[in-house]
Amino acid sequence: MIPGQFDYHAPTSLDEAVALLGQHGGAKILAGGQSLIPAMRFRLALPEVLIDINGLADLDYIREAVGHLAIGGLTRESALEESAAVQSRYPLLADTARVIADPLVRNLATVGGNLAHADPANDHPAAMLAYNAQVVAHGPQGTRTIAIDDFFTGLFENSLADDEILTEIRIPEPGAGAGGAYLKVERKVGDYAISAVAVQLAMSGDSVSAARIGLTNVSPVPMRASGAEQAVVGQRLTEEVLEAAGRAAAAECDPSADLRGSVDYKRDLTRVLTKRALRKAAERAAGGTS
Amino acid sequence: MSKHTITLTVNGNEFTREVESRTLLVHFVREDLDLTGTHIGCDTTSCGACTLLVNGRAIKSCTMFAVQANGAAVETIEGVAQNGDLHPLQEGFWEKHGLQCGYCTPGMIMSAKQLLEQNPNPTEEEIRWGISGNLCRCTGYNKIVEAIQYAAAKAREGQTEAGGEEASS
Ligand SMILES: Cc1cc2nc3c(=O)[nH]c(=O)nc-3n(C[C@H](O)[C@H](O)[C@H](O)COP(=O)(O)OP(=O)(O)OC[C@H]3O[C@@H](n4cnc5c(N)ncnc54)[C@H](O)[C@@H]3O)c2cc1C
Ligand code: FES
Ligand code: FES
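First, a word on what this report is: a plain description of the structure on this page. (Residues numbered from 1 in each chain as written. Chains lettered and ligands numbered in written order. Predicted model: local features only at pLDDT ≥ 70, side-chain atom pairs only at ≥ 80, totals over all residues. Heavy atoms only, no water.)

What follows concerns a nonpolar patch on the surface. Residue and element names in this part refer to chain A. Judged by side-chain polarity, M1, F42 and L44 come together as a nonpolar surface patch covering roughly 340 Å² of accessible area. Among the secondary structure elements, L44 is positioned in the loop between helix 2 (36-41) and strand 3 (49-52). What makes L44 exposed here is its relative accessible area of 73%. (Patch = residues over 30% accessible without salt bridge, like charges linked within 9 Å, V, L, I, M, F, W, Y side chains within 5 Å. Areas by Shrake-Rupley, 256 points an atom, 1.4 Å probe, with all protein chains shown as cover. Salt bridge = Lys/Arg side-chain N within 4 Å of Asp/Glu carboxyl O. Helix = DSSP H or I, 4+ residues; strand = E, 2+ residues; numbered from the N terminus. Buried < 20%, exposed > 50% of the residue type's maximum accessible area, 1.4 Å probe, protein only.)

In structure tokens:
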């Protein structure tokens, strides 16, 4: 189907893009377009103005900075797959990048767009919640950082102002004894998750010293499984502890029934995936790859 | 409504055209340039029949606006054969029966082209992964995988031959 009519601007600098957003009230940012254009084709989105940020090539990077990994807002998903730093030191992110859509979509889709879209079905929100990432936003007043816990405010809603652009995502560098994993079950390769679980934890000897767990597509807003986190922190990951964490995640998530499955099925899948992702993250922590 | 003048190359030829901002790249290529080898198989960015290369990257042209391709180098299935000679991928699909109805084939070939350019010697698993954005309703994929393996082997052979000639001259 053909989208509705709109005006199109292709700024070549960040300041120009921010100025254009300020001038045009109903404007939307166009990044990879892999969520926005499908929505426009169904006329679920009818923006009057599109500000295409694909010309802002300096927002496309993956850099290892002091204490964190910096990912430019316009970085394509395919660049995560090709990044040696991501593949070797950020296994939770590497797991996630592989299972987002398909290679054709990943060639265009951006990490910034994936978060800004604030779709609980998207995979990066859960991963970034588990990493305790920070989001950098640039607007007319300059730059501010937003903790990922404060970023998702509703279904398809985030805490960016209308004239702010997500310019960078910062993932804290995993310390000694850290491990992460993302496990997703989908109906077919390339599909959105039925449920998926992101775990980033730190082990101190045999027991878990810190853990953050994010859930995909089992709630209206991307969420952390705080009950499951509490069930494992300070504990050894015995079968009982894993089961308690899985049950906590199943209880605290809030899925709805759809073509992907019933509420009970999605809760149970979340229970199982939470256990498996915790186990895998702990194995990776023990194996030395964070 | 906004209209824009765009200039881009398609299969090495430069075109300048006026497009509406909402025109999708696939419609531009098929209707404005009459290159109908690129297909449309769905409304949901799911099937990959519309796959072509933009600056060397395989993308779904039903999910990109034509204005976004301003200044880009686009390659469609029509540009794959050179001087009347089939590309190793096209030959592979022919030799290995990589198609039945042929609807998915242009998209499959464009995805495979990017795959082989990045990874000239892919494993079967890497091939299946590489074409996972392209749906085929007929073949069951095995013959497509064989066609791509054929093309990879053929291209490698071509390279050793060319290398050999260079060394002997
Ligand atoms: C067939 C298909 C399958 C998919 N499967 C998955 C999947 O399994 N998992 C998954 O996670 N995703 C999936 N996606 C979604 C895909 O990853 C999207 O690309 C992503 O959700 C949005 O990124 P984008 O760059 O394409 O953003 P766009 O579509 O360009 O934009 C999305 C929204 O974010 C806003 N936005 C974009 N960039 C910025 C920015 N820098 N600052 C502020 N606002 C911004 C836009 O204004 C818009 O509202 C799929 C998409 C398709 C078409
Ligand atoms: S026509 Fe189906 S993905 Fe483009
Ligand atoms: S050959 Fe018919 S869809 Fe692939």
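From this point, things continue past the structure.
All names here are of chain A. Pairing is antiparallel across the open sheet formed by 5 strands, whose spatial order is 4-5-10-6-7. The open sheet has two edge strands, strand 4 (62-65) and strand 7 (142-147), and neither has a second partner. Ignoring strand direction, the axes of neighbouring strands in this sheet form an average angle of 25°. As paired elements, strand 6 (residues 134-139) and strand 7 share 6 bridges and run antiparallel to each other. Of the residues in strand 7, the one forming a bridge with V135 is I146. (Pairing = 2+ DSSP bridges. Axes fitted to C-alpha atoms, helices over the stretch in contact; angles between N-to-C directions.)

Turning to the interface of chain B and chain A, a few remarks are in order. Each side of the interface is counted separately: chain B has 33 residues, and chain A has 34 residues. A buried area of about 2,700 Å², summed over both sides, lies between chain B and chain A, and 58% of it is on carbon and sulfur atoms. Taken as a group, B:R22, B:D43 and B:W129 account for 25% of the area that chain B buries against chain A, more than any other trio of residues on that side. Counting across the interface, chain B meets chain A through 3 salt bridges. A salt bridge links B:R57 to A:E82; the shortest N-O distance between them is 3.2 Å. Elements with a minimum of two residues in the side of chain B that touches chain A: strand 4 (57-60), helix 3 (105-118) and helix 4 (124-130) of chain B. The biggest single contributor to the side of chain B that touches chain A is strand 4 of chain B, with 4 residues. When grouped by side-chain class, the residues that make up the side of chain B that touches chain A number 11 nonpolar, 17 polar and 5 charged. (Contact = heavy atoms within 4.5 Å. Buried area = accessible area lost by both parts, 1.4 Å probe. Nonpolar A, V, L, I, M, F, W, Y, C, P; charged D, E, K, R; others polar.)

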